[in-house]
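# Survey of secondary and tertiary structure
Here is what each chain is made of, one letter per residue.
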Amino acid sequence: MCLLVVCKPGSIPNRDDLQRGACANPHGYGFAMIIDGKVVRYRTMSQKKAVNKFLEMRSQNPDGYAIWHARYATHGVKNEDNCHPFQVGDDEDTMLAHNGVLDTHIEKGDKRSDTRIFAEDTLPKLGGVAALDDENIWLLVNGWASGSKIAVLTVNPEAKHQLYLVNEYLGEWDDDGIWWSNKSYQPVEKKYSSTYKYSTPKSTYSTPDYGSIYLKDDPDEIFAMPCPNCMVDSTWELEWCEHCNLCYDCADPKESCMCYVPAQYRPYEIGY
């Protein structure tokens, strides 16, 4: 599902938070920050390099906006080329990163991720970063990317702002001026301030990743396995924990989770 981090001028994330976020989203890393009027980008497949390099550069250049990203791959190959942030078209002054799944058409054989296609093809066709200053296009992008979060960092003189944060309300600002797109960076004991419980319909849902959730000798007897988010034993009948209501894979609430599950494995209504 990825983790997207946005830093206001003067803010620097905690190393432990970045490392936890990187561990939970292990398919590539990258960041961009404004330094001396330019957008500087760095991408790598190494968690250690991503965290160390970002904190080193941020401590030396804290005065501009910065974005940091850890990837959990949903589309495209797992390599450095598909690591966020991406340059927007031919605009070397603008970089884009994303958390979620975008409804982007991917041609057969295209090894790019959905976000990379949006950055390289779709947004430039809309007019590039400057188009986001048009209220109609801004609302269009926010609606089309519903459930996703997109950060665009730019020093393009045609843009009115240096930072554009699509669907900002789906993430959370902390007291240090840092915005987190989800809670995958937090230790388990801090991920929730309360627990939620909802009734789940009886089903025979199973997934290739975890095998059947039912005991082979009794289809009505359910396995109880710890949820990776709250560590409370859960039945795993749905792809969300019935206790904390967070997705087992991406740790997002079910209302904003965009993890793909085939229709045949959804024998219920999501309810939102």
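Above this text you will find the structure in question.
On a predicted model such as this, the values are computed, not experimentally measured, just so you know.

## Let's talk about the sheet that holds strand S7 (residues 149-154)
With antiparallel pairing, four strands are arranged side by side in an open sheet as S5-S6-S7-S8. The open sheet has two edge strands, strand S5 (86-88) and strand S8 (163-166), and neither has a second partner. Neighbour-to-neighbour, the strand axes of this sheet turn through a mean angle of 25°, independent of strand direction. Relative to S7, strand S6 (residues 91-99) is paired through six bridges, and the arrangement is antiparallel. Residue pairing across strands places histidine 98 opposite isoleucine 150, the latter belonging to S7. Most of the contacts of helix H3 (residues 114-126) go to S5, to which it runs at about 10°, and overall it touches S5, S6 and S7.

## Focus on the packing of helix H1 (residues 15-24) against helix H2 (residues 47-60)
It is at 10 Å that the axes of H1 and H2 come closest, and there the two elements cross at 150°. Overall, the two elements H1 and H2 adopt an arrangement that is roughly antiparallel. Seen along the crossing, H1 lies across H2 with a hand that is right-handed. Residues Arg15, Leu18, Gln19, Ala22 and Cys23 of H1 lie in contact with H2, whose contacting residues are Gln47, Val51, Asn52, Phe54 and Leu55.

## Brief notes about the packing of aromatic side chains
Taken as a whole and judged by the stated rule, the model has five aromatic pairs. Centre to centre, the rings of tryptophan 138 and tyrosine 164 are 6.3 Å apart; their planes meet at 55°, and the pair counts as tilted. A residue pair is termed long-range when its members are at least 10 positions apart, and tryptophan 138 in helix H4 (residues 135-144) and tyrosine 164 in strand S8 qualify at 26 residues. Under the relative-accessibility criterion, tyrosine 164 is labelled buried at 4%. Linked through ring pairs, Phe31, Tyr42 and Phe54 together constitute an aromatic cluster.

## Focus on unusual backbone geometry
Most peptide bonds take the trans form, and the phi angle of most residues other than glycine is negative. For the peptide bond that leads from histidine 84 to proline 85, omega is -5°, which places it in the cis range. Tracing the chain through its elements places proline 85 in the loop between strand S4 (66-70) and S5. Residue aspartate 36 is not a glycine yet carries a positive backbone phi of 50°. With respect to the helices and strands, the residue aspartate 36 is situated in the loop between strand S2 (29-35) and strand S3 (38-44). With a phi close to 55°, asparagine 167 is a non-glycine residue in the positive phi region. The residue asparagine 167 is located in the loop between S8 and strand S9 (172-173) in this model.

How each quantity is defined
- Throughout, residues of each chain are indexed from 1 in the direction in which the sequence is written.
- In view of the model being predicted, local features appear only for residues whose pLDDT reaches at least 70, and side-chain atom pairs are presented and counted only at 80 or more, with totals across whole chains, interfaces and linings using the full set of residues.
- Side-chain descriptors were evaluated using all non-hydrogen atoms of the structure, hydrogens and water having been removed beforehand.
- One requirement defines pairing of two strands: DSSP has to find at least two bridges between them.
- What counts as a helix is a DSSP run of H or I of at least four residues, what counts as a strand is a run of E of at least two, and both are numbered from the N terminus.
- Angular values range over 0 to 180 degrees, each being the angle between N-to-C directions of two axes fitted as lines to C-alpha atoms, with helices fitted over their stretch in contact.
- Only heavy atoms enter the contact rule, under which two residues are in contact if any of them lie within 4.5 Å.
- What sets the label is the angle itself: under 35 degrees gives roughly parallel, over 145 gives roughly antiparallel, 65 to 115 gives roughly perpendicular, and the rest give oblique.
- Here a crossing is taken to be left-handed if its near helix is turned anticlockwise relative to the far helix by less than a right angle, and right-handed if that turn runs clockwise.
- Side-chain rings of Phe, Tyr and Trp, where Trp is taken by its six-membered ring, are said to pair if the distance between their centres is within 6.5 Å; with planes under 30 degrees apart they count as stacked, over 60 as edge-to-face, and otherwise as tilted.
- The rule is simple: take the accessible area with a 1.4 Å probe, protein chains only, and divide by the maximum for that residue type; under 20% is buried, over 50% is exposed, in between is partly exposed.

So far we have only geometry, and geometry alone does not tell us how the molecule works.
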